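# Secondary and tertiary structure notes
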Amino acid sequence: MASSKLLASATKQASYNMFFQVIFRVMTFLLNAFLLRYITKEMVGVVNVRLTLLYTTIIFVAHEAFRRACLSGGDKRNWRQTVNLIWCTVPLGFVCTVVFSSVWLYLLERPDPDVIPHYRLGVLAFAASAFIELFADQLWLMTQALLFVRLKVVIDSLWIAVRCVTTVILVVYFPHLGLIAFSIAQVVSSAALVLAYYAYFTHYIRTASADDSFPLKTIQDFFPTWPTGKKPWTSPELAKLTWSFFKQGILKQLLTEGERYVMTIFDVLSFGDQGVYDIINNLGSLAARFLFLPIEESGYLFFAQSLKRGKPIRDQDKESLALVSRVLQSLLKVVVLIGLIILVFGYAYSFLALDIYAGEMLSSGSGPSLLRWYCVYVLLIAINGTTECFVFAAMSQEEVDRYNKKMLVFSVLFLTSAVYLTRWLGSVGFIFANCLNMLARIVHSLYFMLGYYRGSQWRPLLGLVPSGWVSAVLVISWFVTSSSETMLCCDQGWPYRILHIAIGAVCLLVVMATILLTERDLVMFVQEQWLSRSQQHNDNKSKQDQKATNRRQTDSKKQS
């Protein structure tokens, strides 16, 4: 019963986290679209790349490993020792704040004070905001470990809202502040987050004193104290686990922030180019996050439940294997078609999209070219995500461990190629480096899948190739929309822009119609899944209606 409750709460928390991520991305998207008309691209580069990297680096070194370690242990953890350990983030965070602030101020290239004044204040403010948030780590731990799901979503949303609203007000009504506006918003939002945690749990302790499951009984328990008896101040096992998590997290941090580290340390791009690349990267990643990530997660769940991990194809259940092969082929066809549509139409509409989104700042320079090449990267992301979700479900644990070591090699190659390609090609070099990284991973996955299906009757990799008619229509659509952009868009006024959009809409409708008429296996698969879900929904509804009818009959008998 306890495990079921934990699973239900964890699932609920995952749903809330997904909702929060969507809200976060949407608010960031809208905020950038508004602010980009009031600030320079150099300001975007300093804030979104240089100063944000300082903030995330302090957060990672000071408390990421402590958080993960302190969440381990389950119900048997000693809460006093756990709280003591996580408070170690404060002195460590202070050291990190001083060290990294000094690096950002004295070792890295500083922006031109005539273009971006108050850089020193910005560094101190972003570093201080990371340090301030460490004072709520023990309450964040309670929220996560004891599954205060809604509380975390509310406080995180408050943090985003305070930062967005403060930034907009200061930038719009006090434009002379420049970087000071972003610095104030960063510190205020971090302070609001900490105060919200303390306010809620102070209220909770005073009003829910009968809750024996909550480990903190008084406000003094928020802070480190010496345990009773002969117990050590903190758990040696958790301390060792923290160090292990820190070593594991270094690779993750380099992968997550690798591009920003390259930009910051090697000085391969100007602050203006950094700002443009960061905006394009955020725009381009929307497709990966909202379209492909749900497909990858659902696909991995299905493959992992249907396949026997680490077993060759001859030891798999034939019926399950046939269904898995069909699902894999269909998913590959779906993501390839979506990726190709984005690639074809992204080429002709990148300039217009950026001009509408942020005006001349993005559409006049390298922005359109970056977004066009990013559409190529999106196609590779789509293929890699789907192939890897199958590979990870079919691999044995030993094969997964070996692949993780290969990922380290891929990461080193990515960072190395990013440095040289960016120095040679400019901002687009980052996208080329990402494409090379994706291609290497795709080749590895295809090699595994070809070996897995060798000698069998199933050919799921045929899903990577669209039908001839679809390919032809996509090529024609690319030619038509590209010609439309050259002749009609985008400096001849809105009537011609609308005509350009209309031509693209007609071409997209023709592509969709061609897919429906020629990709019959994919259409049949989607129809079967839709009918299956509808039938399942109707069956569940019938069962509920039958239960309600039986309940009413029982109540009627009791009354009579």
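Look up a bit, the structure's there.
Here we summarise the structure given alongside this text. (Residues numbered from 1 in each chain as written. Predicted model: local features only at pLDDT ≥ 70, side-chain atom pairs only at ≥ 80, totals over all residues. Heavy atoms only, no water.)

## Points about the packing of helix 11 (residues 318-358) against helix 17 (residues 494-518)
How we decide: Fitted lines through C-alpha atoms serve as axes, helices being fitted only where they are in contact, and the angles separating the N-to-C directions of these axes extend from 0 to 180 degrees. Runs of E in the DSSP output that reach at least two residues are strands. Runs of H or I that reach at least four are helices, and both are numbered from the N terminus. Any angle between 65 and 115 degrees counts as roughly perpendicular, while under 35 counts as roughly parallel, over 145 as roughly antiparallel, and the rest as oblique. Working rule for contacts: check all heavy atoms of both residues, and any pair within 4.5 Å makes them a contact. Three classes are used, and their members are as follows: Ala, Val, Leu, Ile, Met, Phe, Trp, Tyr, Cys and Pro are nonpolar, Asp, Glu, Lys and Arg are charged, and the others, Gly among them, are polar.
Where helix 11 contacts helix 17, the axes come no closer than 12 Å and their chain directions differ by 175 degrees. As judged from the angle between their axes, helix 11 and helix 17 are roughly antiparallel. Taking contact as the criterion, the partners of Leu 337, Ile 341, Phe 345, Ala 348, Tyr 349, Leu 352, Asp 355 and Ile 356 in helix 11 are, on helix 17, Trp 494, Arg 497, His 500, Ile 501, Ile 503, Gly 504, Cys 507, Leu 508, Val 511, Met 512 and Ile 515. A per-class count over the contact of helix 11 with helix 17 returns 15 nonpolar, two polar and two charged.

## Some thoughts on the packing of aromatic side chains
This is how the line gets drawn: By convention, a stacked pair of Phe, Tyr or Trp rings (six-membered ring in the case of Trp) has centres within 6.5 Å and planes under 30 degrees apart, an edge-to-face pair has planes over 60 apart, and any other such pair is tilted. Buried, partly exposed and exposed residues are distinguished by accessible area as a fraction of the type maximum, computed with a 1.4 Å probe on protein chains only: under 20%, between the cut-offs, and over 50%, respectively. Here, over-ring charges are defined by two tests on the NZ atom of lysine or the CZ atom of arginine: distance to the ring centre within 6 Å, and angle to the ring normal within 35 degrees.
Within this structure, the stated rule accounts for 24 aromatic pairs. An angle of 55 degrees between the planes, with centres 6.4 Å apart, marks the rings of Phe 222 and Phe 223 as tilted. On the accessibility criterion, Phe 222 (0% relative accessible area) is buried. The class of Phe 223 is partly exposed, set by a relative accessible area of 36%. The structure contains a cluster of three or more aromatic residues connected by ring pairs, namely Trp 87, Phe 94, Phe 131, Phe 135, Tyr 198, Phe 222 and Phe 223. A cation over an aromatic ring shows up here: Arg 163 above the ring of Trp 159, its NZ or CZ 5.2 Å from the ring centre. Between Arg 372 and the ring centre of Tyr 347, over which it is positioned, the NZ or CZ distance is 5.1 Å.

## A short note on the pattern of salt bridges
The condition that has to hold: Whenever a carboxyl oxygen of Asp or Glu lies within 4 Å of a side-chain nitrogen of Lys or Arg, that contact is scored as a salt bridge.
Across all of its chains, the model carries eight salt bridges by this definition. Of the charged contacts, one joins Arg 260 and Asp 278 as a salt bridge, the two residues approaching to 3.2 Å between their closest N and O atoms. Linking Arg 260 in helix 9 (residues 236-266) with Asp 278 in helix 10 (residues 271-306), this pair joins segments that are 18 residues apart in sequence. Each member of the pair, Arg 260 as well as Asp 278, carries the same accessibility label: buried. Note that Glu 388 is salt-bridged to Arg 441, the shortest N-O span being 3.0 Å. Residue Glu 388 is located in helix 13 (residues 367-394), and its partner Arg 441 is located in helix 15 (residues 428-452); the two are separated by 53 residues in the primary sequence. Residue class for Glu 388 comes out buried when judged on its relative accessible area of 8%. On the accessibility criterion, Arg 441 (14% relative accessible area) is buried. Each of Glu 257, Arg 260 and Asp 278 takes part in one network of salt bridges that share partners.

## Here's the deal with the packing of helix 9 against helix 14 (residues 397-425)
For clarity, the threshold we go by: Throughout, a crossing is termed right-handed when the near helix is turned clockwise from the far one, and left-handed when it is turned anticlockwise from it by less than a right angle.
Viewed as axis vectors pointing N to C, helix 9 and helix 14 meet at an angle of 15 degrees, and their least axial separation amounts to 10 Å. Taken together, the axis directions place helix 9 and helix 14 in an arrangement best described as roughly parallel. Considering the relative orientation of helix 9 and helix 14, their crossing is right-handed. Taking contact as the criterion, the partners of Leu 251, Leu 255, Gly 258, Glu 259, Val 262 and Phe 266 in helix 9 are, on helix 14, Met 407, Leu 408, Ser 411, Phe 414, Leu 415, Val 419 and Arg 423.

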